[in-house]
Amino acid sequence: RAKSVGIKAWAAIGCAVVFVLATLALGKIWGAVELLLVGALFGFICSPMTNGLERHGVPRGLAALAALLVMVAALVVLLVLLFPPFVREAIEVLQQVPSYVSQARGAIASFWDAYGSSKTSEVQQNLDQMVNAASNLGISASSDLLEKLSSGLMDNVMSLFSNTVTLFLGLVLGYWFAKDYPRIARELMVIAGPAHGRDLSVLLAVMSRSVGGYMRGVTITSLVGGLLAFVGYALMGHPYAGLMAIAMGVFHFVPVVGPWIASALAVLLALSVSPVLALEALLVSVVVQNLTDNVVSPLVMQSSVKVHPALSLLGIVIGNALGGVLGMALAIPLTAAARSVFVYFFESKSGRQLVSYDGALFRSTPFRDEEGRIEPS
């Protein structure tokens with residue numbers, strides 16, 4: 001028994017050492033990994049259209065090029081339509097931050113004048129200190145961001161050039177991934193051999209479903225959510241309807257907390273106009289979130305792998321630590337893929353059914369064959 005415990009302890013230590021070394025190595029070669037991830041992401045997104053065109057008789061190379069051009073055209077249209085109003089309204093909001101802070105301080109001072117007393121003096125003093133600290137931090141952060149938006153473009157030319165090169169090379173890689181994916185998969189199956197061919201096939205299918213399906217689905221739901229938010233905010237007379245709609249669409253990529261952050265921003269900016277407008281903004285945000293999550297999302301993401309909110313947030317934190325913005329964008333689909341791969345191998349090797357209809361982290365459809373044996377799903 002002592003020998004078994006020792007072996008397990010050394011195995012755990014070895015895994016920890018391997019993880020640390022892998023993290024350090026990843027930091028050294030992150031540029032190449034980032035390029036590969038961008039290319040694979042574009043390839044997964046373009047694959048369904050490529051496959052559909054190929055089934056209709058279009059040569060796969062031409063089909064992959066058409067799918068890539070459609071995706072690039074969509075990105076350019078979105079950038080042209082959304083970037084100018086986003087920058088304009090963002091600059092306007094940031095310029096107004098000091099006045100918003102003054103309004104908040106005035107409202108708090110009026111509240112203490114009306115309801116404060118000697119018994120609440122200590123609470124008042126502590127709260128005022130917290131408000132002042134938060135106000136100074138907000139003004140400083142908004143000033144820095146305003147400077148970057150208005151005049152920081154030339155200071156970041158090299159960064160912009162590097163990101164552009166990465167995007168261009170990622171598009172090229174995405175084309176080749178979409179074009180040659182069937183042949184690449186077949187060659188990988190030959191390398192894996194008959195003993196591991198089924199496992200590799202499942203792994204590739206899971207990656208395609210998780211990464212490609214999730215990114216396509218969340219992009220559609222984000223666009224729909226942003227459009228619904230713009231209509232609602234514009235009808236209620238929100239002063240920054242365009243900016244808040246863009247924020248709602250972008251923050252939808254961050255599950256669980258993202259839409260609520262966008263809603264809080266919309267309510268706070270509306271509160272600077274009137275409490276009634278803030279309540280209307282809150283109502284619009286709740287309606288938009290419910291429509292997006294309960295009507296649109298089930299329709300467009302019914303074929304993608306779902307991830308528990310706890311695993312989603314954990315994946316986002318790890319993705320941000322490893323890869324910044326790109327890591328956060330890929331965190332959820334990669335977490336979904338890792339979850340599905342774990343379920344498959346666990347059920348295959350252990351013979352125990354992990355997924356269930358009423359599960360939490362592993363809620364899914366349990367499968368069994370005609371004889372009642374577990375079918376790893």
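This text follows the structure it describes.
The structure presented is a predicted model; accordingly, all values stated were derived computationally and were not measured. (Residues numbered from 1 in each chain as written. Predicted model: local features only at pLDDT ≥ 70, side-chain atom pairs only at ≥ 80, totals over all residues. Heavy atoms only, no water.)

**Q** So what about the overall build of the protein chain? Which residues, and what values?
**A** Looking only at helices and strands, the protein chain features 10 helices and 2 strands. Seen in sequence order, the protein chain has helices and strands lined up from the N terminus as α-α-α-α-α-α-α-α-α-α-β-β. Out of the 377 residues belonging to the protein chain, those deemed buried represent 33%. In the protein chain, the proportion of contacts linking residues at least 24 apart, taken out of those at least 6 apart, comes to 63%. (Helix = DSSP H or I, 4+ residues; strand = E, 2+ residues; numbered from the N terminus. Buried < 20%, exposed > 50% of the residue type's maximum accessible area, 1.4 Å probe, protein only. Contact = heavy atoms within 4.5 Å.)

**Q** Can you tell me about the pattern of salt bridges, naming the residues and giving the values?
**A** Under the counting rule described, the total for this entry stands at 3 salt bridges. For glutamate 54, the salt bridge goes to arginine 60, with nearest N and O atoms at 2.7 Å. Looking at glutamate 54, the relative accessible area reads 37%, which means it is partly exposed. Given the relative accessible area of 11%, arginine 60 is considered buried. Measuring nitrogen to oxygen at the nearest pair gives 2.4 Å for the salt bridge that ties aspartate 180 to arginine 183. Within this pair, aspartate 180 and its partner arginine 183 are both found in helix α5 (residues 157-192), separated by 3 residues, close to a single helical turn. The buried category is assigned to aspartate 180, whose relative accessible area is 15%. With relative accessibility at 42%, the residue arginine 183 sits in the partly exposed group. Residues joined by salt bridges that share partners form a network here, namely Lys179, Asp180 and Arg183. (Salt bridge = Lys/Arg side-chain N within 4 Å of Asp/Glu carboxyl O.)

**Q** Quick rundown of the environment of alanine 247? Include the residues and the values.
**A** Looking at the secondary structure, you find alanine 247 in helix α7 (residues 241-251). By relative accessible area, alanine 247 is classed as buried at 11%. Counting along the chain gives 21 residues from alanine 247 to glycine 226, while the straight-line C-alpha distance between them is 7.6 Å.

**Q** Which residues make up the environment of glycine 43, and what are the values?
**A** Structurally, glycine 43 can be placed in helix α2 (residues 30-55). Residue glycine 43 is classed as buried on the basis of its relative accessible area, which comes to 3%. Residues glycine 43 and valine 172 lie 129 residues apart in sequence; the distance between their C-alpha atoms is 9.4 Å.

**Q** How would you explain α7 if you had to name every residue and give the values?
**A** The element α7 is extensively covered by neighbouring structure, given that 9 of its 11 residues are classed as buried. Of all the residues in α7, the buried ones are Ala241, Gly242, Leu243, Met244, Ala245, Ile246, Ala247, Met248 and Gly249.

**Q** So, empty space enclosed by the protein: which residues are in play, and what are the values?
**A** According to the stated counting rule, one finds 1 cavity of 30 Å³ or more in the structure shown. Estimated volume of the largest cavity: approximately 50 Å³. Along its surface, the largest cavity is lined by Gly225, Met248, His252, Pro259, Val288, Gln289, Thr292 and Asp293. Looking at the lining of the largest cavity element by element, the count peaks at 4 residues for helix α9 (residues 275-300). (1 Å grid on protein atoms, 1.4 Å probe; cavity = no way out; pocket = protein on both sides within 12 Å on 5 of 7 lines; lining within 4 Å. Points joined across faces, edges and corners; volume = space filled by probe spheres on them.)

Taken by themselves, the reported measurements are silent on function.
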